[in-house]
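Chain by chain, the residues run as shown.
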Amino acid sequence: MIEAYLEHNLVVRCHDPSMIVQRLATKDLERIQYLQIVGAGGALECLNRWERPVPVDFVVQNPEAELPLLYGYSAISAEHPVRVSVSVVPGFSKVVKLALSLDFDVKLEPSQPEPALIEELLDVADLYLHQSTVSQPVEFIHSMFLAFYHREPISLWAVQEEDPSFMRYITDQGTETISRRFAGVKLNYDLTLFIEKFMEGLFNGGSECSGCEFLESCSGYFKWPRKEYRCDGVKAVFQKLQETAEELRADFASFPSPNGAEPS
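The rules behind each value
Residues numbered from 1 in each chain as written. Predicted model: local features only at pLDDT ≥ 70, side-chain atom pairs only at ≥ 80, totals over all residues. Heavy atoms only, no water. Core = buried A, V, L, I, M, F, W, Y, C linked by side-chain atoms within 4.5 Å. Buried < 20%, exposed > 50% of the residue type's maximum accessible area, 1.4 Å probe, protein only. Helix = DSSP H or I, 4+ residues; strand = E, 2+ residues; numbered from the N terminus. Contact = heavy atoms within 4.5 Å. 1 Å grid on protein atoms, 1.4 Å probe; cavity = no way out; pocket = protein on both sides within 12 Å on 5 of 7 lines; lining within 4 Å. Points joined across faces, edges and corners; volume = space filled by probe spheres on them. Nonpolar A, V, L, I, M, F, W, Y, C, P; charged D, E, K, R; others polar.

### Some thoughts on the nonpolar core
Phase 1: Counting 79 residues, the largest nonpolar core has Leu47, Leu108, Phe222 and Phe238 as its most contacted members.
Phase 2: Looking at this core, the element that brings in the most residues is helix H6 (residues 115–130), giving 9 residues.
Phase 3: When near neighbours in sequence (up to four residues on either side) are disregarded, leucine 47 contacts Pro17, Val21, Leu35, Ile37, Val56, Ile76 and His80.

### Quick look at the layout of surface pockets
Phase 1: Here the largest pocket defines a volume of roughly 1,500 Å³.
Phase 2: As for the largest pocket, its lining consists of 48 residues, of which Val11, Arg13, Arg168, Tyr169 and Ile170 are closest to the centre.
Phase 3: Ranked by residue count, the leading element in the lining of the largest pocket is strand S1 (residues 10–14), at 5 residues.
Phase 4: Within the lining of the largest pocket, the residues separate by chemical class into 23 nonpolar, 11 polar and 14 charged.
Phase 5: Volume-wise, the second largest pocket comes out at about 210 Å³.
Phase 6: Lining the second largest pocket are 13 residues, and of these Phe148, Pro153, Glu213, Ser217 and Gln242 lie nearest its centre.
Phase 7: Elements supplying a minimum of two residues to the lining of the second largest pocket: helix H7 (141–150), helix H10 (215–218) and helix H11 (232–254).
Phase 8: When the residues that make up the lining of the second largest pocket are grouped by side-chain class, the tally is 6 nonpolar, 2 polar and 5 charged.

Okay, here's the thing in structure tokens:
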């Protein structure tokens, strides 16, 4: 389906890296932002023989089974910057810890985490916030923390690459949608208006979002697919990030820089 989208910036999804390298050998790669490798299929050695240092996003959906595969990505990271996108399912924090130890960026894909997963999320937040050896971002935690520190709202939909006003996900059947978690769902209005329409539905339905202190940044992100999902655990994660950001602001305020500028 690449031919139909050559005028756009692209993320090219594949299960077998060797096949995608062959298919892209004759293509103009200027618009390819990164390769997204889903699951355990195929060998990675071909990427090091590729002339273009295209970044690679390894999508981990089964943490227990796919954890050892991260070591293989370490072998290509000198030529291809690596990010690990991991579904927030039991055991995901092991993937996060190994990815960070290998100096990879991390993106969490949380959907609607249940209480046991909230505990893992809080542990990952602690790791990101307080472990001095962590040098790479863990999204969405990284951007949310900075937003709290600078007291500037962000769009969690944008951070998670699910804002359809500038990014679309193409299913294996060629249908445009919001992201992988929306695959197979028929949306009956212009995708560009999705977030606005979705929020209208939440407010009209009496959702807890209307009184949430984190609404400006979250914009109902965690209310999909089940609008009745309770966000108490998610709010606990946000609260931890907000409190730590305020503590950091206070620390910097007590040690002003010589020129009076606020650290960034």
